[in-house]
Number of protein chains: 2
Amino acid sequence: MNGPSLALRQRSLGDLSAEFPLFPPLTRGCPKTSTAELAYPLEVVYDYAKVDRDLFTGPPGPDIARWSPLLPPLDAPTLGEGGTPLITFGDVHIKDESRNPTWSHKDRLNRVAVSAAVASGAPGVVVASSGNHGASAAAYAARAGLPAIVLASADSPPAVQAFVRSYGAKVVSVPVEARWPLLRQVVDELGYHPVSNQTATHTGHPFGPEGYKTIAYELFLQLGTVPAAVFTPTGYAELLYGVWKGFAELRLLGVADRTPRMFSCETAAGGPHAKALATGAPAAVVGLGPTDAYGVACSVGGHRGVAAVRDSGGDPVLVTDEDLRLAQRDLARAGLWQELSGAAGLAGYRRLRRDFDGPVVCIATSSGFKDVGVATERHPALEEPTLEDLIP
Amino acid sequence: MNGPSLALRQRSLGDLSAEFPLFPPLTRGCPKTSTAELAYPLEVVYDYAKVDRDLFTGPPGPDIARWSPLLPPLDAPTLGEGGTPLITFGDVHIKDESRNPTWSHKDRLNRVAVSAAVASGAPGVVVASSGNHGASAAAYAARAGLPAIVLASADSPPAVQAFVRSYGAKVVSVPVEARWPLLRQVVDELGYHPVSNQTATHTGHPFGPEGYKTIAYELFLQLGTVPAAVFTPTGYAELLYGVWKGFAELRLLGVADRTPRMFSCETAAGGPHAKALATGAPAAVVGLGPTDAYGVACSVGGHRGVAAVRDSGGDPVLVTDEDLRLAQRDLARAGLWQELSGAAGLAGYRRLRRDFDGPVVCIATSSGFKDVGVATERHPALEEPTLEDLIP
C-alpha cells in the first residue's frame, strides 16, 4: 500500500518559485527570501502525480511509514508513532496525541526530523526544549543510535526533567539566553543536526511539519470525511501548518473535495500568530506574559501558522490560563488527562463559540503528566478513615 | 466484523463444572469452591461455536470493541484502549502498553470492569489502588458518568498522586490496613461496583482478564503467528492470565495451532505465584520485602496466574530491582521509557536466558512517569555553559 518517498525538493514559503534540493535540509530558513528580522521556512514538495490513491484506504495504524510516499525518507526507525484514537467529547472530536511513544504529538515530527539527521550522516542531534520536544527528539535519536544533546530549561516541571533525561541524551539545563547561541555552536562546531529553530522568526526544521501531516490523513480516514474545522494548540504553529498541509494535499490529490478551517489556539500571554494575522505581517514576535501553558508559550511566531490560518479561512484564538484550566478539567472528567497546553484546542473552540457545518476536531497534544504543578502536592493518609470520608 | 457479546456465563476456576449466570459478576470469588484461606476466581465462558473467524482478520486498531463477540457486554464507552504497537528490541518484541488512554495496560481491564458496573446499574465504582489501576478505573468511570471512589496509598509517587486525582474521582489516601475493610463497606453499604480484589487469595473482578485477552488477539495479528513465549510483569497475574486465555481461545477456535509458554515475571521481593508453583499450591500468600517496583509488589497471589503458567508450560521468574533497573534503562535507551514495574517482562526474559523456537514477546505495561523517584531530582541551570559542558 505504501512505498518509497516521493519527496522531490524543498520550496520556500517566502517565494514558491524558490526551490532547493531535498538535502541538505535548510534548517536556517530560506536563504533567498529571509532577512535578519523575518525568516521564511521551507516545505517539502512531492511528485504528487505518482501517489497511488489506494494510500488513503485502510486503517491508520501506528507507524507513520504507513504514509511514506508523502513523507521525506524515513531513515530513522519507528517507535510506533501515530495511529492515535479519535474520541468523541460533546459536539467535537478529540484527537488524543498523548497516545504517542513519548506521549505527545512531537513524536510525529521527530520521526521525520531524526530521519533527516540519519540521512544526512550527522554525528548527532541537538535540540533546545523545555519538555516534550526535547524528550521526543532524545527518544528517536536513541532509537536510531545517534547521540543527542538537549539544551533544557531548569524551570520545567520536575517530572518533565526526569522524562527528558530518561532516554540517555546529554541533557544540560542552561539559562534561556544561552540556548540559541549554544545550539548554533553545536551545529557549527560538532556538525549535529538541529531539530530546533535557529532564526529570528520561526522556521524550524523544514521536514518537521511533514510528520504532522499524518494527523490530517488519519482524521480523514477516521471521520470518513474532511472536518469543517480543526483547532490546534499553537506555539510555533508547526502542528497547525502540518495538519493544514495534509488536508491541502488531500484536496490536491482529489481524495477530498474540501479543506477545513484551521484555528490557531495560542496563549493570550503571547500570541505571535494572532498578532501577525491582525497586522497583515508574514510573521511576528511578541512579548510573553506569565502563563502555566509553557508548551505553547512562544514569543516568536512563524510564517507557516500565518499562512495556514489565512489560506484555510480560519482564525486565531487567544486563550487564557483560565480557559485552559476549564478545558483541561472537563477533558479529565471525561477520562482524558491532558497537559494544560494540550487542552488549548478545546479551549479555543469554546472561546470562539462558532457553529460549523460539519465535524469539528480539537487536537489534544500531550499527557497531563507533563504539567506545571504535577508532583507538587502531598496527600497524607487519613488516620482513621470512615465511610463518611469516602462519600463523593 | 464484530458483533454482540457471545458471553454466556461465569465458570469457576476451582471446579470447571461449577457455572453461574453472567450477571451479577461474582466479585468475591467462586461461592462453591472457595474457603476462608483460598479463594478461586471465575472466568467468562462464550458461545465459541458462533464466533465468526473473520474476527481475526484485519488490523487491531484502538477500541477493544473490535473484539466484542469475545468480551462481556461493553456498556461503558471507550477511551480508545488497545491497538498498541509492537516494537522490536534486540531479539524480542515489546508490546508497549504505555500507549493506552491512561498510559498503562489497566485500561483494557477497566473498560470491561466499568462496563460491568454500568450493566449492573451500580451507583458507582470503587477501587483500592496505589496507581495505575485506580487512575484507569477513575477515567473509565468518569467517561461513563459514574462516580468513583479510589482508596489510595499515601506512599505513591507524587506524580501518580496527581494522576489518580485528575479524573474527578473521590480519592482518599488511607492506611493500607484500612483499604480492604473500607472497600467492602463501600460495596455493601453504598452498592458500588468493586474493581479490586476482596478475597484471601486473589480473585478480583471475574470480567477483568477478559479485557487483557485482547492483547493476545492483537499479538496474533501483529506477528502473523503465535509467539513461542510471552513474558508479563506480574503482580496479581490478571494480565498474565488474560493473555494466556486469549491465546488458548485462538487455539480452541482453530485460528491458531499452538499456544505460547507464559512466564510470570514477579518481583523477587514477593513472588506469590512463584511460591505456589514451587509448592504445588493453587495459590499462595507471601511476605513482601522492600522494592521500588510498587506496581507488581503483591503479597497475595491468585489461582489464575498459577493455572496460566502451569497449563502453558511456562515458568515463574523472579526479578530483582537491579534486574528491573537495567531493563528499564536499556528500554529507555531505545526510546521506550517504562515504569520500573513495566520493565519486568524484559527483565524476566533476560534473567531466564532460555532459547525459544519462535518470536518472544515482552509486555511493557506502563509509562516511566509513574515511577518512584520521578519528580524528586532538581537540575539547576549551569551559570555560564560552554560547548565543553555539552559534549556527550
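Because the structure is a prediction, the values reported are computed rather than measured.

### A few points about the packing of aromatic side chains
The description of two aromatic rings rests on the distance between their centres and on the angle between their planes.
Right, so step 1: One pass over the structure, following the stated rule, counts 33 aromatic pairs over all chains.
Right, so step 2: When the centroid spacing of 4.7 Å and the interplanar angle of 45° are considered together, the rings of F369(A) and F163(B) count as tilted. Linking F369(A) in the segment after β13 (360-364) with F163(B) in helix α3 (residues 158-165), this pair reaches from one chain into another.
Right, so step 3: You can call F369(A) buried: its relative accessible area is 1%.
Right, so step 4: Exposure remark for F163(B): the relative accessible area of 0% places this residue in the buried category.
Right, so step 5: Aromatic ring contacts, followed pair by pair, group W103(A), F163(A), Y167(A), W337(A), F369(A), W103(B), F163(B), Y167(B), W337(B) and F369(B) into a single cluster.
Right, so step 6: Taking NZ or CZ as reference, R66(A) lies 4.0 Å from the ring centre of W67(A), over its face.

### Points about the relation of the copies chain A and chain B
Right, so step 1: Taken as rigid bodies, chain A and chain B are interconverted by a rotation of 180° and an axial shift of 0.0 Å, the fit giving an RMSD of 0.0 Å. On the angle and the small slide along the axis, the relation comes out as a two-fold axis. The position closest to the rotation axis in chain A is occupied by the C-alpha of R99(A), lying 2.5 Å away.
Right, so step 2: A high fraction, 100%, of the interface residues of chain A reappear at the interface in chain B, so the copies pair face to face through one surface.

### Some points on helix α6 (residues 238-252) of chain B
Residues and elements named next belong to chain B.
Right, so step 1: Relative to the 21 Å expected for 15 residues at 1.5 Å per residue, α6 spans 20 Å between its end C-alpha atoms, a close match to the ideal helical length.
Right, so step 2: Along α6, 12 of the 15 residues are buried, which leaves the element largely enclosed by surrounding structure.
Right, so step 3: Those residues of α6 lying buried are E238, L239, L240, Y241, G242, V243, W244, K245, G246, F247, E249 and L250.
Right, so step 4: Backbone geometry just after α6 places G254 at a positive phi near 80°.

### A look at the sheet that holds strand β6 (residues 125-128) of chain B
Across a sheet, paired strands are connected by hydrogen bonds in the backbone, their directions being either parallel or antiparallel.
Residue and element names in this part refer to chain B.
Right, so step 1: The parallel open sheet is built from four strands, whose spatial order is β8-β7-β6-β9. In this open sheet, the two edge strands, each paired with only one partner strand, are β8 (170-173) and β9 (193-194).
Right, so step 2: Contacting β6, β7 (148-152) and β9, helix α4 (residues 176-190) crosses the sheet at an angle of about 170° to β6.

### Some details on the interface of chain A and chain B
Right, so step 1: Contacts between the two partners involve 69 residues from chain A, matched on the other side by 69 residues from chain B.
Right, so step 2: For the pair chain A and chain B, the summed buried area comes to about 5,600 Å², and 69% of that belongs to carbon and sulfur atoms.
Right, so step 3: Where chain A meets chain B, there are zero salt bridges.
Right, so step 4: Counting across the interface, chain A meets chain B through 17 residue pairs in polar contact (both at pLDDT 80 or more).
Right, so step 5: Counting residues per element, the ones that place at least two in the side of chain A that touches chain B are β4 (86-89), α2 (132-144), β7 (148-152), α3 (158-165), β8 (170-173) and α4 (176-190) of chain A.
Right, so step 6: In the side of chain A that touches chain B, the residues fall into 41 nonpolar, 16 polar and 12 charged.

### Some thoughts on the environment of R179(A)
All names here are of chain A.
Right, so step 1: Structurally, R179 can be placed in helix α4.
Right, so step 2: Its relative accessible area of 12% is what places R179 among the buried residues.
Right, so step 3: Separated by 70 residues in sequence, R179 and L109 place their C-alpha atoms 21 Å apart.
Right, so step 4: If sequence neighbours within four positions are ignored, R179 has contacts with A128, S129, S130, L151 and V174.

### Notes on α3(A)
Right, so step 1: Buried residues dominate α3(A), accounting for six of its eight residues.
Right, so step 2: Packed against the buried residues of α3(A) are α2, β7 and β8 of chain A.

### Some words on the sheet that holds strand β1 (residues 7-12) of chain B
Residues and elements named next belong to chain B.
Right, so step 1: With antiparallel pairing, three strands are arranged side by side in an open sheet as β2-β1-β3. Unpaired on one side and paired on the other, β2 (19-21) and β3 (42-46) mark the two borders of the sheet. Within the sheet, the average angular offset between the axes of one strand and its neighbour, ignoring direction, is 40°.
Right, so step 2: Across three bridges, the pairing between β1 and β2 is antiparallel. Within the sheet, the bridge partner assigned to Q10 lies in β2 and is F20.

### A few points about the domain arrangement of chain A
Residue and element names in this part refer to chain A.
Right, so step 1: Partitioning chain A into domains gives domain 1 (1-105 + 202-369) and domain 2 (106-194).
Right, so step 2: Here domain 1 and domain 2 have C-alpha centroids that lie 21 Å from each other.
Right, so step 3: Every contact between the two is made by 41 residues of domain 1 and, on the other side, 32 residues of domain 2.
Right, so step 4: Both faces considered, domain 1 and domain 2 share a buried interface measuring about 2,900 Å² in area, 56% of it formed by carbon and sulfur atoms.
Right, so step 5: Its largest share of buried area at the contact with domain 2, domain 1 owes to R28, T102 and Y294, together 22% of the area lost on that side.
Right, so step 6: The shortest N-O distance in the salt bridge between D188 and R28 comes to 3.1 Å.
Right, so step 7: For the side of domain 1 that touches domain 2, the element with the most residues is helix α5 (residues 208-223), which contributes six residues.
Right, so step 8: Of the residues contributing to the side of domain 1 that touches domain 2, the split by class is 18 nonpolar, 14 polar and nine charged.

Calculation rules
Residues numbered from 1 in each chain as written. Chains lettered and ligands numbered in written order. Predicted model: local features only at pLDDT ≥ 70, side-chain atom pairs only at ≥ 80, totals over all residues. Heavy atoms only, no water. Phe/Tyr/Trp six-rings, centres within 6.5 Å; stacked < 30°, edge-to-face > 60°. Helix = DSSP H or I, 4+ residues; strand = E, 2+ residues; numbered from the N terminus. Buried < 20%, exposed > 50% of the residue type's maximum accessible area, 1.4 Å probe, protein only. Lys NZ or Arg CZ within 6 Å of the ring centre and 35° of its normal. Least-squares fit on C-alpha atoms with pLDDT ≥ 70 in both. Contact = heavy atoms within 4.5 Å. Expected span 1.5 Å × (residues − 1). Pairing = 2+ DSSP bridges. Axes fitted to C-alpha atoms, helices over the stretch in contact; angles between N-to-C directions. Buried area = accessible area lost by both parts, 1.4 Å probe. Salt bridge = Lys/Arg side-chain N within 4 Å of Asp/Glu carboxyl O. Polar contact = N/O pair within 3.5 Å; in protein donor to acceptor, adjacent residues only side chain to side chain. Nonpolar A, V, L, I, M, F, W, Y, C, P; charged D, E, K, R; others polar. Domains from an automatic or database assignment.

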